[in-house]
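# Descriptive analysis of the structure
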2 protein chains.
Amino acid sequence: MNKQIPYKIYLQESELPKQWLNLRAFMKNKPAPLLNPQTLQPMTQAELSQVFCEELVKQELDDTTPYIDIPEEIIDFYKMYRPAPLIRAYCLEKKLGTPAHIYYKFEGNNTSGSHKLNSAIAQAYYAKKQGLTGVTTETGAGQWGTALSMACSYFGLDCKVFMVKCSYEQKPFRREVMRTYGANVTPSPSTTTAVGRKILEEFPNTSGSLGCAISEAVEAATEKEGYRYVLGSVLNQVLLHQSVIGLETKTALDKYGITPDIIIGCAGGGSNLGGLIAPFMAEKLQGKADYRFIAVEPASCPTLTRGKYAYDYCDTGKVCPLSKMYTLGSSFIPSASHAGGLRYHGMTSTLSELYDKGLMEARAVEQTSVFEAAEYFARIEGILPAPESSHAIRVAMDEAIKCKETGEKKTIVFGLTGTGYFDMMSYEKFHDGKMTDYIPTDDDLSKGFAGIPKI
Amino acid sequence: MNKQIPYKIYLQESELPKQWLNLRAFMKNKPAPLLNPQTLQPMTQAELSQVFCEELVKQELDDTTPYIDIPEEIIDFYKMYRPAPLIRAYCLEKKLGTPAHIYYKFEGNNTSGSHKLNSAIAQAYYAKKQGLTGVTTETGAGQWGTALSMACSYFGLDCKVFMVKCSYEQKPFRREVMRTYGANVTPSPSTTTAVGRKILEEFPNTSGSLGCAISEAVEAATEKEGYRYVLGSVLNQVLLHQSVIGLETKTALDKYGITPDIIIGCAGGGSNLGGLIAPFMAEKLQGKADYRFIAVEPASCPTLTRGKYAYDYCDTGKVCPLSKMYTLGSSFIPSASHAGGLRYHGMTSTLSELYDKGLMEARAVEQTSVFEAAEYFARIEGILPAPESSHAIRVAMDEAIKCKETGEKKTIVFGLTGTGYFDMMSYEKFHDGKMTDYIPTDDDLSKGFAGIPKI
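Let me sum up the structure you'll find in this document. None of these values were measured; they are calculated from a predicted model.

## So, the overall build of chain A
- Counting its regular elements, chain A contains 18 helices and 15 strands.
- For chain A, the spread of C-alpha atoms along the principal axes amounts to about 60 × 50 × 45 Å.
- Counting across all 455 residues of chain A, residues that qualify as buried make up 68%.
- A separation of at least 24 residues holds for 76% of the contacts in chain A among residues at least 6 apart in sequence.
- A total of about 15000 Å² of accessible surface is found on chain A, and carbon and sulfur atoms cover 49% of it.
- Across chain A, the centroid of the 48 positively charged side chains sits 3 Å from that of the 51 negatively charged ones.

## Quick notes on the packing of aromatic side chains
- Applying the stated rule across the entire model yields 41 aromatic pairs over all chains.
- Measuring from centroid to centroid gives 6.2 Å for A:Tyr78 and A:Tyr81, while their planes differ by 85°, and the two rings are edge-to-face. On the criterion of helical spacing, the pair formed by A:Tyr78 and A:Tyr81 is a turn pair, its members being 3 residues apart in helix α3 (residues 72–81).
- On the basis of relative accessible area, A:Tyr78 is assigned to the buried category, the value being 3%.
- On the basis of an interplanar angle of 85° and a centroid distance of 5.3 Å, the ring pair of B:Phe280 and B:Tyr291 is categorised as edge-to-face. Note that B:Phe280 is positioned in helix α12 (residues 271–285) and B:Tyr291 in the loop between α12 and β11 (292–298), a separation of 11 residues in sequence.
- Among the residues examined, B:Phe280 registers a relative accessible area of 1% and is labelled buried.
- A cation over an aromatic ring shows up here: A:Lys308 above the ring of A:Phe449, its NZ or CZ 4.4 Å from the ring centre.

## A closer look at the relation of the copies chain B and chain A
- Rotating chain B by 180° and translating it 0.0 Å along the rotation axis places it on chain A, where the RMSD comes to 0.0 Å. Expressed as a symmetry operation, the mapping of one chain copy onto the other fits a two-fold axis.
- Both copies contact each other with a shared surface, as 100% of the interface residues of chain B are interface residues in chain A too.

## Topic: the layout of surface pockets
- Each pocket or cavity is described by its volume, and for the largest pocket that value is around 630 Å³.
- Lining of the largest pocket is provided by 32 residues; of these, A:Tyr10, A:Leu11, A:Gln12, B:Tyr10 and B:Gln12 occupy positions nearest its centre.
- Only β1 (8–9) of chain A together with β1 (8–9) of chain B provide two or more residues apiece to the lining of the largest pocket.
- By residue class, the composition of the lining of the largest pocket is 16 nonpolar, 5 polar and 11 charged.
- Within this model, the second largest pocket holds a volume of roughly 510 Å³.

## Some points on helix α2 (residues 54–61) of chain B
Residue and element names in this part refer to chain B.
- Listing the buried residues of α2 in full gives Leu-56, Val-57, Gln-59 and Glu-60. Down the axis of α2, the buried set is contained in an arc of 160°. They therefore lie on one face.
- Elements that come into contact with the buried residues of α2 comprise β2 (19–21), α1 (45–49), β3 (67–69), α5 (117–129) and α11 (236–255).

## Notes on the sheet that holds strand β8 (residues 184–188) of chain A
Residue and element names in this part refer to chain A.
- With parallel pairing, 4 strands are arranged side by side in an open sheet as β8-β7-β6-β9. This sheet does not close on itself; its edge strands, each paired only once, are β8 and β9 (227–229). Each strand axis lies, on average, 20° off the axis of its neighbour in the sheet, ignoring direction.
- As judged from the 6 bridges shared by strand β6 (residues 134–139) and strand β7 (residues 158–164), these two strands associate in the parallel manner. Its bridge partner being in β7, Glu-138 is matched across the sheet by Phe-162.
- Sheet strands in contact with helix α8 (residues 172–180) are β6, β7 and β8, and its direction is about 170° off that of β7.
- Lying over the sheet, helix α10 (residues 210–222) contacts β6, β7, β8 and β9, oriented at roughly 170° with respect to β6.

## Some points on the interface of chain B and chain A
- Tallying the contact residues gives 42 residues for chain B and 42 residues for chain A.
- It is B:Phe173, B:Thr180 and B:Tyr421 in chain B that bury the most area against chain A; as a group they hold 18% of the surface buried on that side.
- Every element with two or more residues in the side of chain B that touches chain A is listed here: α3 (72–81), α6 (143–155), α8 (172–180), α15 (367–381) and α17 (424–431) of chain B.
- Among the elements that take part in the side of chain B that touches chain A, α8(B) stands out by supplying 6 residues, more than any other.
- Of the residues in the side of chain B that touches chain A, the class split is 20 nonpolar, 9 polar and 13 charged.

## Describing α10(A)
All names here are of chain A.
- Over its 13 residues, α10 extends 18 Å from the first C-alpha to the last, a length consistent with the 18 Å expected when each residue adds 1.5 Å.
- Of all 13 residues that make up α10, 12 are buried, and the element is covered over most of its length.
- Considering only its buried residues, α10 is in contact with β6, β7, β8, α9 (194–202) and β9.

## Some remarks on the side chain of B:Ser349
- Here B:Ser349 shows up in helix α14 (residues 349–356).
- Apart from the residues lying within four places of it in its own chain, the contact partners of B:Ser349 are B:Pro31, B:Val234, B:Asn236, B:Ser323 and B:Lys324.

## Describing the side chain of A:Gln242
All names here are of chain A.
- On the secondary structure map, Gln-242 appears in helix α11 (residues 236–255).
- A polar contact of 3.1 Å, which involves the side chain of Gln-242, links it to the backbone oxygen of His-115.
- Within the structure, Gln-242 has its side chain in polar contact with the side chain of Asn-118 (distance 2.9 Å).
- When near neighbours in sequence (up to four residues on either side) are disregarded, Gln-242 contacts His-115, Lys-116, Asn-118, Ser-119, Ser-271, Gly-275 and Leu-276.

## A short note on the sheet that holds β1(B)
Residue and element names in this part refer to chain B.
- Judged by pairing direction, the sheet is mixed, and its 7 strands sit side by side in the order β1-β4-β5-β15-β10-β11-β14 without closing on themselves. Each end of this open sheet is capped by a strand with a single partner; those strands are β1 and β14 (361–365).
- Two strands pair when backbone bridges link them, and β1 and strand β4 (residues 86–88) are joined in this way by 2 bridges, in the antiparallel orientation. Directly across from Ile-9, in β4, lies its bridge partner Leu-86.
- In the packing of α12 onto the sheet, contacts are made with β10 (262–266), β11 and β15 (411–416), and the angle to β10 comes to roughly 155°.

## As for the pattern of salt bridges
- Counted by the stated rule, this structure contains 52 salt bridges over all chains.
- B:Glu93 is the partner of B:Arg88 in a salt bridge, and the nearest nitrogen-oxygen pair spans 2.7 Å.
- With a relative accessible area of 8%, B:Glu93 lands in the buried category.
- Each of A:Arg175, A:Glu176, A:Arg179, B:Glu428 and B:Asp432 takes part in salt bridges that share partners, so that together they form one network.

## Describing the packing of α11(B) against α12(B)
Residues and elements named next belong to chain B.
- Contact geometry for α11 and α12: axes closest at 6 Å, N-to-C directions at 55°. Relative to α12, α11 is oriented oblique. Of the two elements, α11 crosses α12, and the hand of that crossing is right-handed. Residue-level contacts link Val-238, Leu-239, Gln-242, Ser-243, Ile-245, Gly-246, Leu-247, Thr-249, Lys-250 and Leu-253 of α11 to Ser-271, Asn-272, Gly-274, Gly-275, Leu-276, Ala-278, Pro-279, Phe-280 and Glu-283 of α12.
- Considered class by class, the residues forming the contact of α11 with α12 number 9 nonpolar, 8 polar and 2 charged.

## Topic: the pairing of β11(B)
All names here are of chain B.
- Most of β11 is tucked away, with 6 of its 7 residues classed as buried.
- With 5 bridges joining them, β10 and β11 adopt parallel strand pairing. In the strand pairing of β11, Cys-266 is matched with Val-296.
- Handedness of the β-α-β unit built from β10, α12 and β11 comes out right-handed.
- Bridging between β11 and β14 involves 5 bridges; their strand directions are parallel. Bridge pairing in β14 places Glu-297 opposite Ala-364.

The rules behind these values
For every chain, the first residue of the written sequence is number 1, and numbering continues from 1 onward in sequence order. As they are written, the chains are lettered A onward and the ligands numbered 1 onward, keeping that order. For a predicted model such as this one, the threshold for reporting local features is a pLDDT of at least 70, and the threshold for listing and counting side-chain atom pairs is 80 or more; totals across whole chains, interfaces and linings nevertheless cover every residue. Think of the side-chain values as coming from all heavy atoms in the structure, minus any hydrogens and water. Only DSSP runs of H or I with at least four residues qualify as helices, and only runs of E with at least two residues qualify as strands; both kinds are numbered from the N terminus onward. Burial status follows relative accessibility: with a 1.4 Å probe on protein chains alone, a residue under 20% of its type maximum counts as buried, one over 50% as exposed, and anything between as partly exposed. It only takes one pair of heavy atoms within 4.5 Å for two residues to be counted as in contact. Shrake-Rupley sampling with a 1.4 Å probe provides the accessible areas, and residues are treated as covered by the protein chains on show and by no other component. Positive charge is attributed to Lys and Arg, negative charge to Asp and Glu, and no charge count is given to His or to the chain ends. A single reference atom marks each charge: NZ on Lys, CZ on Arg, CG on Asp, CD on Glu. Aromatic pairing here means that ring centres of Phe, Tyr or Trp (its six-membered ring) are within 6.5 Å. Orientation follows from the plane angle: under 30 degrees is stacked, over 60 is edge-to-face, and everything else is tilted. Throughout this description, the term charge over a ring refers to an Arg CZ or Lys NZ atom that lies within 6 Å of the ring centre and within 35 degrees of the ring normal. Overlaid copies result from least-squares superposition on C-alpha atoms, with residues included only where pLDDT is at least 70 in both. Here a cavity is any set of points on a 1 Å grid over the protein atoms alone where a 1.4 Å probe fits but cannot get out, and a pocket is any open set with protein on both sides within 12 Å along at least 5 of 7 lines; a residue lines the site when it has an atom within 4 Å of a point. Grid points are joined across faces, edges and corners, and a volume is the space filled by probe spheres set on the points. Amino acids are sorted into nonpolar (Ala, Val, Leu, Ile, Met, Phe, Trp, Tyr, Cys and Pro), charged (Asp, Glu, Lys and Arg) and polar (every other residue, Gly among them). Of all possible arcs, the one meant is that of the directions from the helix axis to the C-beta atoms. Pairing between strands requires that DSSP locate at least two bridges from one strand to the other. Every angle, taken between N-to-C directions, lies between 0 and 180 degrees, and every axis is a line fitted to C-alpha atoms, over only the stretch in contact when it is a helix. Buried area is a sum: the accessible area each of two parts loses on coming together, probed at 1.4 Å, counted once for each and added. An expected span of 1.5 Å times one less than the residue number is assigned to each helix. For the purposes of these results, a polar contact is taken to be a pair of N or O atoms within 3.5 Å, where, inside protein, one atom must be able to donate a hydrogen and its partner to accept one; residues adjacent in sequence count only when each atom of the pair is a side-chain atom. Any carboxyl oxygen of Asp or Glu within 4 Å of a side-chain nitrogen of Lys or Arg constitutes a salt bridge here. Orientation labels follow simple angle bins: below 35 degrees gives roughly parallel, above 145 gives roughly antiparallel, 65 to 115 gives roughly perpendicular, and whatever is left gives oblique. Handedness of each helix crossing follows the sense of rotation of the near helix against the far helix: counterclockwise by less than a right angle gives left-handed, clockwise gives right-handed. If you view a crossover with the strands going away from you and the path from the first strand over the helix to the second runs clockwise, you call it right-handed.

Listed below in structure tokens is the structure:
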């Protein structure tokens, strides 16, 4: 064991990032702009401000400023649970018998249990600063809703969460955590919104999707004075806030002179991966260094590996702007057998553009192999991972095993985005041998693709 | 805000304790020895070794060695989740408007979710070193069982857990975490042991108690070759291992020149409190410093505040040694309305002796006021506390509020022993206004007292 590198690298408070990194500013080929679903013209600041907080709209549209100051109030909040540790997986390396060095950035050390809090607190802060009464949002597996509830509670904002129905039912205790933080939680689709009622009429037995829940949350925000909608992934602003993950990771690695070869993250809407890779990708785009980046997604929701790169609606109800992204079609709903998050039909435009230009790889993995990796990791490294994060674990382990075969001493860094305390029902299924894999056929996917507008 | 003291004080790996502190070595009045339930003579090393691992028996009986080396393997494991942060509750202080400074030692930053892992890993290590196949234990709220499952998984030991039936039913996902770590979990009382069958015959509708589960686990250990019994609290050895909490806390405080006035911990069997106060109490016993210590227990299981100081059985089945301790009687079972742990009928002999000599205070609190404090704390400080830990939060807040009234700038340190992710059913009850308080009448208690042997 290398005694010089501790198990956990914790930064000092003075080493914490004071600015977020805006990856788009480093890209020659910028992600395409959001389009107004009526006019198909780029969304203006005024249009976006009807839905989002003003300061967040500015961040959303800014693709030139490389670094943006983190407000002091957010830095103060970050200090409550950051820095997140960068952990050397000594035990995992030993157990795998790999010459690779494995590090993971653990974002689960806060009550929301995931990295989502990094953006939740920023979005709540700007909402409060604008004098709003509250915010609305959607949540899938519940991590984002929990994070936002905490952030809203901190700033005294009202918080309305539309939770994808199947998660609401699979994770009864998630709701209670959100209630503990004072949030109001509604299973989606619901009868409380026009778009929810319309979706229920068309698909009465639907288990819901993020796309549906987004439509409902947007409607709820725009119909009520003093409310705005906030989103936990996909948007540029979210990637901006999440860059704190990558910045801390890079500072910690630099401190010990470690250069990663491969950086791996799970990808649903892309918030964690976009944040983790931000400073590394910025270096790569500037030709200062080279790294391999791997986005890991569920085989049951294969946005990057089998989706189309096209303008598409961000939500099922088609009330949101269109985004150019890898997409499975806004009507795509993963099989009910799919456990955990990473179930969004699209991918943030920044990562979509980078992937399209060959700057990032993607891999789809099946959930039983993901839970195998999760349990293996839990027993070796102690931390009980969220199913989402375990996608990254699966591929990190696969890459480390390859190193064992080739004898290469690569340095692998992956994002351990959160904990699995609220996913025990899925673990139970896995333990009882009741978990199945689902890979959509080309025919299944073609139905979703049919709904992608021709732009 | 005092910029010099960070939100979280993390020690460097080099500052971690290398030795546990054996508080009994500092006591002039030693805790009374364990007695053989048949002969009523002090338990010998040979007798204890039939139930416990040999090295742990030595630790159990050693009341003279002040410091005991922590084996390198355990230090390595500790590095995976320690140091635990000592957190300055700046936000809580501000919200309460108190001049008091509040610090909490947070032991929930590991998958088992509590401080129990500190002793679990030590006990599993000694079991492995002795060449055993596995260990048996009981668990109440599930924290100890989870911790032991993790520790056994790490060392490749079989782990059989008897879980108090009402917790088993209230916390369906706890079982899955233990299974994830490879443990076998049985609700107690069960029909798998003779003592379990006997208890079920006498009390067919019992929701179980730690005392029952201990009896079953001891029977299961002694009947099977290569197994020993391990216990997560009450014993001297457990307090020894848990001293790592207090030692880290003291190092962190000393580093910033902070002297606590009041040290507060919840107390069920006493493992966390005994560990937290160890180095401070050692100073007090040596006349080097003075501190106030407050043990907080549930009003529904008021061992210290309303119990008797006497020799009593450690378990309901009366198969374990007798211990001189504050006790409610080994047949005492708290009301089913009682949520969370801290439901043991006795208190570790060391704390009992210190309390009896007036070196420590005790306070009983009702559970609705505990959950009020828990929710308040969660919203302000972010961390979702376990109900057990929230007993300490309640009294820490009460003391801070007193400081507000008197203007005193006291320094309060409390132990935040764990997280409440698996306690959402209790939080739900609290949110829905369905949580009730229960204070046993003197008549209720007298039934338990009647079973205390006359020794």
